[in-house]
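Survey of secondary and tertiary structure
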Amino acid sequence: MDNDKLIIGRHEFSSRFILGSGKYSLDLIDAAVKNARAEIITLALRRAATGNTANILDYIPKDVTLLPNTSGARNADEAVRIARLAREIGCGDFVKIEIIRDTKYLFPDNYETIKACEILANEGFVVMPYMYPDLNVARSLRDAGASAVMPLGAPIGSNKGLATREFIKILIDEIDLPIIVDAGIGKPSQACEAMEMGADAIMANTAIATAGNIPQMAEAFRKAIEAGRQAYLSGLGRIIENGASASSPLTGFLEN
Amino acid sequence: MKKRIDHMNYLPDMDKIKSDIKDKVIYAMNEYNADKYTENDVLAALEHSSKTVKDFAALLSPAALPYLEKIAQQAQYETKKHFGNSVNMFTPLYISNYCDNYCVYCGFNCRNKIHRAKLNAEEIEKEMQAIAQTGLQEVLILTGESKKMSGVKYIGEACKIARNYFKVVGLEVYPMNIDDYRYIHECGADYVTVFQETYDFEKYETLHLAGHKRIFPYRLETQERALIAGMRGVGFAALLGLADFRKDAFATGMHAYLIQRKYPHAEIAFSCPRLRPIINNDKINPKDVRETQLLQVICAYRLFMPFASITISTRECARFRDNIVNIAATKISAGVDVGIGGHGNGEKKGDEQFEISDGRTVEQIYSTLCQNGLQPVMSDYIYV
């Protein structure tokens, strides 16, 4: 397990838990990061206030990698502009593309996302697109230079877990990039399930930010993610993986 | 008696857009009979993870009142899911109180002999500097409704100045044509709120006796014109208590719902102003909107459109506001002055539109939110 690294672009991470920062009371972010042992934290650039009142950037521990997102963007152009702005103000080269033009479900616009991915990857960004789990789109994102893909498990904030399970599984099987399940994960058990299935990492925000005890929930998620990863690496028993199997061989009748 | 203009006919200078939303809203409102909903309808509504129009109707009905606690709990759950602990802060800035409309219930109406005033560019800048110094990053620019005294250009200039001091600029001014909104959008405003006041067009006619505002359908299509012009978000409100508040709240929700379906990218916001009842006596006026009913309406908006922003007015007292932001509202004004020129050091030039009940400063509201475990957010917006 010690050598089990999550590799995004040319960067290595030991943690497979990406934390959102959008829905917290600022003074709890630090405890959440520590208990989650997260090494990557997302940041909505639109929240990164400048001015004399509390700036979320001041509350994010300095030793974690910032993953600025482009929330607020409704098309590729806007996402590209936000990403460049993030880089200009010193948020680094990582960017999570989030292009949403649906205020009800907050579904990502896959088509615009591919366009933005291509432009930003060419500009040297480590691009991590939030996407609706569609195999063709995931391939296009890979070809456009994405460093990971971030399919949604369920609508943002819905806590519904892996509603798109089967489609994410296909991405895991077919795409040679880290598959990071983003959105919809409401409980540690759901995070664990995604990891068991072979997801490379989990991104969660609402589930932790709205928990009764935030640091404790962050820790619970971390443990669930680690457990799921370990189960995946150890290879699930065939019964669990492939359904029921007969105890005596069905092919024993063959005469060899 | 003086013959008044037909309130259902557009004036020659008003854009007429092709849209069936107005008719659908009116139809839905006319069909809505709050008294026909039963306890079972309310229970069914509470069961549904995503609320239908019928659920919304039931949640607004008198039958839902005994379940208000449960409704509030569900509303809080939805609010947390979509907004976490965040509560946005802003302040309104009145730059002019000249008004050509004669709305019988409003302090600014053209028949009222109040001190009228309008800030010039320099004064607007001073006011904005003073507001920005409190830490706020969102401003809502307001005027009385006089195109003559506060023209589109004048409002545009105010938006340009605002962009130097604030990250978010919203407007609550008279309804405009599409080209005007396009211009204002270029000047830096991205959100347009217009209160319909009441969706009951017969009642509307008796309350809005003169001025452009008298034209009911033009006002009702404001949000759509603003979105066509490229605005990012639109706000909706009925002034609850002018007419049957349940019908008005239902129509407001339907209006927002239909707009969001037609323009899925539009950010939707509700305001929930109410006429403060003078005498709370059920026998005199059974349709009074008290705090209980107001809470019911706000929670119904939240459950019907969990992703919408809901603003709580300073018409309400500190106790109600502090509690409602923990349940369903997501936006609160602070350091409010509804007169003209009250923020800077200069003398106040013009009178107030209404009496506020929560005069707390930005700092006070900020710290109260924090004490209650909520996170004040000054801007959740990026200008692209």
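Each value, and the rule that gives it
Residues numbered from 1 in each chain as written. Chains lettered and ligands numbered in written order. Predicted model: local features only at pLDDT ≥ 70, side-chain atom pairs only at ≥ 80, totals over all residues. Heavy atoms only, no water. pLDDT = per-residue confidence, 0-100. Contact = heavy atoms within 4.5 Å. Buried area = accessible area lost by both parts, 1.4 Å probe. Salt bridge = Lys/Arg side-chain N within 4 Å of Asp/Glu carboxyl O. Helix = DSSP H or I, 4+ residues; strand = E, 2+ residues; numbered from the N terminus. Nonpolar A, V, L, I, M, F, W, Y, C, P; charged D, E, K, R; others polar. Buried < 20%, exposed > 50% of the residue type's maximum accessible area, 1.4 Å probe, protein only. Pairing = 2+ DSSP bridges. Axes fitted to C-alpha atoms, helices over the stretch in contact; angles between N-to-C directions. Left-handed = near helix turned anticlockwise from the far one by under 90°. Disulfide = S-S within 2.5 Å. Core = buried A, V, L, I, M, F, W, Y, C linked by side-chain atoms within 4.5 Å. Arc of directions from axis to C-beta. Right-handed = clockwise from strand over helix to strand, strands pointing away. Phe/Tyr/Trp six-rings, centres within 6.5 Å; stacked < 30°, edge-to-face > 60°. Lys NZ or Arg CZ within 6 Å of the ring centre and 35° of its normal. Lys, Arg positive; Asp, Glu negative; His and termini not counted. Polar contact = N/O pair within 3.5 Å; in protein donor to acceptor, adjacent residues only side chain to side chain.

**Brief notes about the confidence of the model for chain B**
Averaged over chain B, the pLDDT score is 91; the fraction of residues at 70 or greater is 96%. Both confidence scores are given for the complex: pTM 0.86, ipTM 0.74.

**Focus: the interface of chain B and chain A**
Contacts between chain B and chain A engage 32 residues on the former and 33 residues on the latter. Carbon and sulfur atoms supply 46% of the area that chain B and chain A bury against each other, a total of about 2,600 Å² over both sides. The largest per-residue losses of area from chain B upon contact with chain A belong to Lys81(B), Ile382(B) and Val384(B), which jointly make up 22% of the total buried on that side. Inspection of the region where chain B meets chain A yields one salt bridge. In this structure, Arg232(B) engages Glu78(A) in a salt bridge whose closest nitrogen and oxygen atoms are separated by 4.0 Å. Among the secondary structure elements, those contributing two or more residues to the side of chain B that touches chain A are α4 (68-83), α11 (245-262) and β11 (375-377) of chain B. Per element, the largest residue contribution to the side of chain B that touches chain A is five residues, and it comes from α4(B). Of the residues belonging to the side of chain B that touches chain A, the class tally is 13 nonpolar, 13 polar and six charged.

**As for the pairing of strand β9 (residues 309-312) of chain B**
Residues and elements named next belong to chain B. The two faces of β9 match: Ser309 and Thr311 on one face and Ile310 and Ile312 on the other face are all buried. Across three bridges, strand β8 (residues 267-271) lies against β9 in parallel orientation. Paired with serine 271 across the strands is threonine 311, a residue of β9. Sheet topology places β9 next to strand β10 (residues 331-333); two bridges connect them, and they run parallel. Counted as the bridge partner of isoleucine 312 is isoleucine 332 from β10.

**Considerations on the packing of helix α1 (residues 21-31) of chain B against α11(B)**
Residue and element names in this part refer to chain B. One can describe the packing of α1 onto α11 by two numbers: an axis separation of 9 Å at closest approach and a directional angle of 145 degrees. Here α1 and α11 pass one another in a crossing that is right-handed. Residues Ile21, Lys24, Val25, Ala28, Met29 and Asn30 of α1 lie in contact with α11, whose contacting residues are Lys247, Phe250, Ala251, Met254, His255, Leu258, Ile259 and Lys262. Broken down by class, the residue content of the contact of α1 with α11 amounts to nine nonpolar, two polar and three charged.

**Thoughts on the state of the cysteines**
Under the counting rule described, the total for this entry stands at zero disulfides over all chains. Here Cys91(A) is not cross-linked by a disulfide; its sulfur's nearest cysteine counterpart is in Cys117(A), at 19 Å.

**What to know about the environment of Glu172(B)**
Residue and element names in this part refer to chain B. On the secondary structure map, glutamate 172 appears in strand β4 (residues 168-172). Residue glutamate 172 is classed as buried on the basis of its relative accessible area of 19%. The spatial distance from the C-alpha of glutamate 172 to the C-alpha of threonine 143 is 7.1 Å, given a sequence separation of 29 residues. When sequence neighbours within four positions are dropped, the list of residues in contact with glutamate 172 reads Leu140, Ile141, Leu142, Thr143, Thr193 and Phe195.

**Side note on the packing of helix α5 (residues 121-133) of chain B against helix α6 (residues 152-165) of chain B**
Residues and elements named next belong to chain B. Running from N to C, α5 and α6 point in directions that differ by 35 degrees, and their axes come no closer than 10 Å. Along this stretch, α5 crosses α6, giving a crossing that reads as right-handed. Contacts from Ala121, Ile124, Glu125, Met128, Gln129 and Ala132 in α5 reach Tyr154, Ala158, Ile161, Ala162 and Tyr165 in α6. When its residues are assigned to classes, the contact of α5 with α6 shows nine nonpolar, one polar and one charged.

**Observations concerning the nonpolar core**
Ranked by size, the top nonpolar core spans 122 residues in total, and within it Met89(B), Ile141(B) and Ile268(B) carry the most contacts. Apart from residues no more than four positions distant in its own chain, Ile141(B) is found in contact with Leu93(B), Ile95(B), Met128(B), Ala158(B), Cys159(B), Ala162(B), Val169(B), Gly170(B), Leu171(B), Glu172(B) and Val173(B). Among the nonpolar cores identified, the runner-up in size contains 65 residues, and Phe17(A), Ile29(A), Ile114(A) and Ala144(A) belong to it.

**Things to note about α1(B)**
Two residues of an α-helix separated by three or four positions point the same way, owing to the 3.6 residues in each turn. Residues and elements named next belong to chain B. Every buried residue belonging to α1 is among Ile21, Lys22, Val25, Ile26, Ala28 and Met29, and all of these are buried. Across the axial projection of α1, the buried residues extend over an arc of 165 degrees, all falling on one side. Here the buried face of α1 lies against α8 (201-207), α9 (216-220), α10 (222-228) and α11.

**Remarks on the pairing of β8(B)**
All names here are of chain B. Of all five residues in β8, four are buried; the element is thus mostly enclosed. Note: strand β7 (residues 233-238) against β8, four bridges, orientation parallel. Pairing of glycine 233 across the sheet is with glutamate 267, part of β8. One crossover worth recording links β7 to the parallel β8 by way of α11, and it is right-handed.

**Some words on the packing of aromatic side chains**
Within this structure, the stated rule accounts for 15 aromatic pairs over all chains. Aromatic pair Phe13(A) and Phe94(A): ring centres 6.1 Å apart, planes at 75 degrees, arrangement edge-to-face. Separated by 81 residues along the polypeptide, Phe13(A) in strand β2 (residues 11-13) and Phe94(A) in strand β6 (residues 94-97) bring together distant segments of the chain. Comparing Phe13(A) with Phe94(A), the two get one shared label, buried. Consider the rings of Tyr32(B) and Tyr37(B), whose centres lie 5.8 Å apart with planes at 40 degrees: the pair is tilted. Side by side, Tyr32(B) and Tyr37(B) carry an identical accessibility label, which is buried. Arg87(A) extends its terminal NZ or CZ atom over the ring of Phe125(A), reaching a point 3.8 Å from the ring centre. The residue whose ring lies beneath Lys331(B) is Phe90(B), and the NZ or CZ to ring-centre distance is 5.4 Å.

**Quick look at helix α2 (residues 39-47) of chain B**
Residue and element names in this part refer to chain B. For α2, every residue scored as buried is listed here: Asp41, Val42, Ala45 and Leu46. The arc enclosing the buried residues of α2, seen along the axis, measures out at 135 degrees, which places them on a common side. More than 90 degrees from the buried face of α2, the exposed residues found are Asn40 and Glu47. Residues of α2 that are buried make contact with α3 (53-59) and α4.

**A word on the side chain of Lys51(B)**
All names here are of chain B. Within the fold, lysine 51 resides in the loop between α2 and α3. Buried and unpaired, lysine 51 has aspartate 55 as its nearest opposite-charge partner, separated by 6.1 Å. At a separation of 3.0 Å, a polar atom in the side chain of lysine 51 contacts the main-chain carbonyl oxygen of alanine 45. At a separation of 2.5 Å, a polar atom in the side chain of lysine 51 contacts the main-chain carbonyl oxygen of histidine 48.

**Overview of the pattern of salt bridges**
All names here are of chain B. Counting across every chain of the model gives 37 salt bridges over all chains. Residue arginine 319 pairs with glutamate 291 through a salt bridge whose shortest N-O separation is 2.9 Å. Taken together, the positions of arginine 319 in helix α13 (residues 318-324) and glutamate 291 in helix α12 (residues 291-304) put the pair 28 residues apart, joining distant regions of the chain. The residue arginine 321 makes a salt bridge to aspartate 358 at a minimum N-O spacing of 2.7 Å.

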